[in-house]
Amino acid sequence: MRLALGPAGDLVRGRIFYGWYIALAGAFTSFFTFGVVGFGFGVFIEPIREETGWSLAAISVGFSLRSFEHGLLAPVTGALVDRLGARRMAITGVLIVGVGLLLFSQARVLWVYYLASLVVGSGESLGSSTAYSASLMRWFDRKRGQALGLLASARGAGYFMVPVLAVLIAAFGWRSTLVVAALVIVSVGLPLSFVLRNRPEAYGYRPDGAAAPATPAASASDSLGDGMTVAQALRTPAFYLLGAATAIGGATQISWIVHQVPHLQNVGFTLQGAALITGAYGLFQVPLRFICGWFGDIIGRRRLYVIAYLLQSLGMLIFAWLSPDRMWLLPAYFLTFPFAHAAWVAMFMTLIADYFGTRYFATIRGLTSTMMMPLGFATPIIAGWTFDELGSYRLVFTCYALITLSGAVLLLLIRRPTWAQLASR
């Protein structure tokens, strides 16, 4: 049977389901965007510190401001995606990221650096996170974990940007590297944003590629693409338990993302050695995030999310004590934390759609991000301050490992049925 490319993904009636094209577009955009503004940020810390003389805590504030802004404005950006559509917001977000990186490249005083951090954070939230994830939650139901796993795999591949950025910084300096990164992100992300579509029903399909019912009224009432209102979600204990767990896991990961390269350098690895470990970590993340998405669809996405917290705690503890003279810890680190991180990233947004539906997914997801804001703002600063005071990250990463365990407990307390279970009653 000849395959025709239709609205994109599974093979349905000779066509590839269009949802997979959205996932691929988001994957390429996320690879470049998050590779630079997320994982790649740690590579810039030492060059910025050497040129400007700013303290590590002061530099860490820039990343914390991005987390603060993301949490503060996340409900607004989510509501804009729900109201105006994913495509418009993705286009806007990519352009804002480009402007923010260009501003970052010219920062010579702290307030300009902080302003650039806020601009980049707002753009990243719209351009490669909220817009694509909101669209995918509506295009997929049974295969939601796989779809978001593909998107998350590309974000994991962003680790490969760390050694690339390290080479560019060594050759051209950190300011020129930021200019190049801005141009690449805009040139890739802008055209891909036009692939986005809001819902499959408008194109004759239901989630996962099933043909839409012939009667529009039936589609509107039966579709699992519907969901709770924001007010209804806020009245459920599940929202607060899921939001608090996500805040704990996400905030400790944010600090790890910012300080992983400086920590590895501090315990004795060279910059190239730290970048190599980070790149190898990314190599694990690319297949693991898709595998975890697929695995979560099979064994249950909440169950896998709980396992992720347990392994994240153990993996972060191992990372805290990793050093060149303890290389025997490296295999244990790669057997725990990469899997935990992959499962966390692949599952946390799918659970929001699972429990509350997709009608106002972006807004509800934004509200959970707001819950992460205080911890996400504080954890990188605390880690930087601890280093400034003690000259080591080991104590703070050990504490963060223990705190992460509480996220698993919160998830186990959720008793609410998923939206699909409620809709089928």
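This one's a predicted model, so the numbers in the text were calculated from it and none came from an experiment. (Residues numbered from 1 in each chain as written. Predicted model: local features only at pLDDT ≥ 70, side-chain atom pairs only at ≥ 80, totals over all residues. Heavy atoms only, no water.)

**Details of the overall build of the protein chain**
- Counting its regular elements, the protein chain contains 17 helices and three strands.
- Residue pairs at least 24 apart in sequence account for 82% of intrachain contacts in the protein chain once pairs closer than 6 positions are excluded.
- When the accessible surface of the protein chain is split by element, carbon and sulfur atoms take 70% of a total near 16,100 Å². (Helix = DSSP H or I, 4+ residues; strand = E, 2+ residues; numbered from the N terminus. Contact = heavy atoms within 4.5 Å. Areas by Shrake-Rupley, 256 points an atom, 1.4 Å probe, with all protein chains shown as cover.)

**Some words on the packing of aromatic side chains**
- The full count for this structure, using the stated rule, is 30 aromatic pairs.
- Here Phe-31 and Phe-32 contribute two aromatic rings whose centre-to-centre distance is 4.8 Å and whose plane-to-plane angle is 75 degrees, an arrangement assigned as edge-to-face.
- Both rings, one in Tyr-333 and one in Phe-337, keep their centres 6.0 Å apart while their planes meet at 20 degrees; by these two values the pair is stacked. One end of the pair, Tyr-333, and the other, Phe-337, are both in helix 14 (residues 329–356), four residues apart, so they sit about a helical turn from each other. We note that Tyr-333, like Phe-337, is buried.
- An aromatic cluster is built from Trp-256, Tyr-281, Phe-319, Tyr-333, Phe-334, Phe-337, Phe-387, Tyr-393 and Phe-397, whose rings are joined through pairwise contacts. (Phe/Tyr/Trp six-rings, centres within 6.5 Å; stacked < 30°, edge-to-face > 60°. Buried < 20%, exposed > 50% of the residue type's maximum accessible area, 1.4 Å probe, protein only.)

**Re the packing of helix 11 (residues 237–266) against helix 13 (residues 301–320)**
- In contact at an axis separation of 12 Å, helix 11 and helix 13 are set at 25 degrees when each is read in the N-to-C sense. Of the possible angle classes, the one that applies to helix 11 and helix 13 is roughly parallel. As for how helix 11 packs across helix 13, the hand of that crossing is left-handed. Contacts from Leu-242, Ala-245, Thr-246, Gly-249, Thr-252, Gln-253, Trp-256, Gln-260, His-263 and Leu-264 in helix 11 reach Tyr-305, Tyr-309, Gln-312, Met-316, Phe-319 and Ala-320 in helix 13.
- Looking at the contact of helix 11 with helix 13, its residues break down into nine nonpolar, seven polar and no charged. (Axes fitted to C-alpha atoms, helices over the stretch in contact; angles between N-to-C directions. Parallel < 35°, antiparallel > 145°, perpendicular 65-115°, else oblique. Left-handed = near helix turned anticlockwise from the far one by under 90°. Nonpolar A, V, L, I, M, F, W, Y, C, P; charged D, E, K, R; others polar.)

**Comments concerning the side chain of Gln-253**
- Position of Gln-253 among the secondary structure elements: in helix 11.
- Beyond its immediate chain neighbours, meaning those up to four positions away, Gln-253 contacts Gln-312, His-341 and Trp-344.

**Points about helix 8 (residues 174–192)**
- The terminal C-alpha atoms of helix 8, which comprises 19 residues, lie 27 Å apart, in line with the 27 Å expected from a rise of 1.5 Å per residue.
- What helix 8 keeps buried is the set Trp-174, Arg-175, Thr-177, Leu-178, Ala-181, Ala-182, Ile-185 and Gly-189. The buried side chains of helix 8 occupy one side of the element, clustering within an arc of 140 degrees when seen end-on.
- Contact partners of the buried residues in helix 8: helix 1 (19–39), helix 2 (41–52), helix 4 (86–105) and helix 7 (161–172). (Expected span 1.5 Å × (residues − 1). Arc of directions from axis to C-beta.)

**Thoughts on the pattern of salt bridges**
- Scanning all chains against the criterion turns up seven salt bridges.
- The closest approach of N and O atoms between Glu-51 and Arg-175, which form a salt bridge, is 2.6 Å. Here Arg-175 lies in helix 8 and Glu-51 lies in helix 2, a separation of 124 residues in the sequence.
- Judged by its relative accessible area of 47%, Glu-51 falls in the partly exposed class.
- The residue Arg-144 makes a salt bridge to Asp-354 at a minimum N-O spacing of 2.9 Å. Highlighted residues: Arg-144 in helix 6 (residues 144–157) and Asp-354 in helix 14, separated in sequence by 210 residues.
- Arg-144 gets classed as buried once you look at its relative accessible area, which sits at 3%.
- With relative accessibility at 11%, the residue Asp-354 sits in the buried group.
- Salt bridges sharing common partners tie together Asp-141, Arg-144, Asp-297, Arg-301 and Asp-354. (Salt bridge = Lys/Arg side-chain N within 4 Å of Asp/Glu carboxyl O.)

**Some details on the nonpolar core**
- By size, the foremost hydrophobic cluster in this structure holds 128 residues, and its most contacted members are Leu-101, Leu-242, Trp-256, Tyr-305, Tyr-333 and Phe-356.
- Residue contributions to this core peak at 18 residues, all from helix 14.
- Not counting chain neighbours up to four residues away, the residues in contact with Trp-256 comprise Tyr-159, Tyr-281, Met-316, Phe-319, Tyr-333, Phe-337, His-341 and Phe-397. (Core = buried A, V, L, I, M, F, W, Y, C linked by side-chain atoms within 4.5 Å.)

**Here's the deal with the confidence of the model for the protein chain**
- When pLDDT is averaged along the protein chain, the result is 82, and 90% of the positions lie at 70 or above.
- For the protein chain, the element scoring lowest by mean pLDDT is helix 9 (residues 216–222), at 39; helix 13 scores highest, at 94.
- Contacts of residues 1–14 to residues separated by more than four positions or lying in other chains number 43 contacts, the stretch itself having pLDDT below 50.
- Low pLDDT, under 50, characterises residues 214–225; the stretch is placed with 16 contacts to residues that sit more than four places away or in other chains. (pLDDT = per-residue confidence, 0-100.)

**A look at the packing of helix 1 against helix 6**
- It is at 6 Å that the axes of helix 1 and helix 6 come closest, and there the two elements cross at 30 degrees. In terms of axis orientation, helix 1 runs roughly parallel to helix 6. Here the hand of the crossing between helix 1 and helix 6 comes out right-handed. Contact residues: Trp-20, Ala-23, Leu-24, Gly-26, Ala-27, Ser-30, Phe-31, Phe-34 and Phe-39 in helix 1; Gln-146, Ala-147, Leu-150, Leu-151, Ala-154, Arg-155, Gly-156 and Ala-157 in helix 6.
- Of the residues that constitute the contact of helix 1 with helix 6, the class distribution is twelve nonpolar, four polar and one charged.

**Quick word on the environment of Arg-142**
- Along the chain, Arg-142 falls in the loop between helix 5 (110–139) and helix 6.
- Spatially, the C-alpha atoms of Arg-142 and Pro-207 are 8.0 Å apart, while their sequence positions differ by 65 residues.
- Once you skip the residues sitting within four places of it in the chain, Arg-142 turns out to touch Asp-208, Asp-297 and Arg-301.

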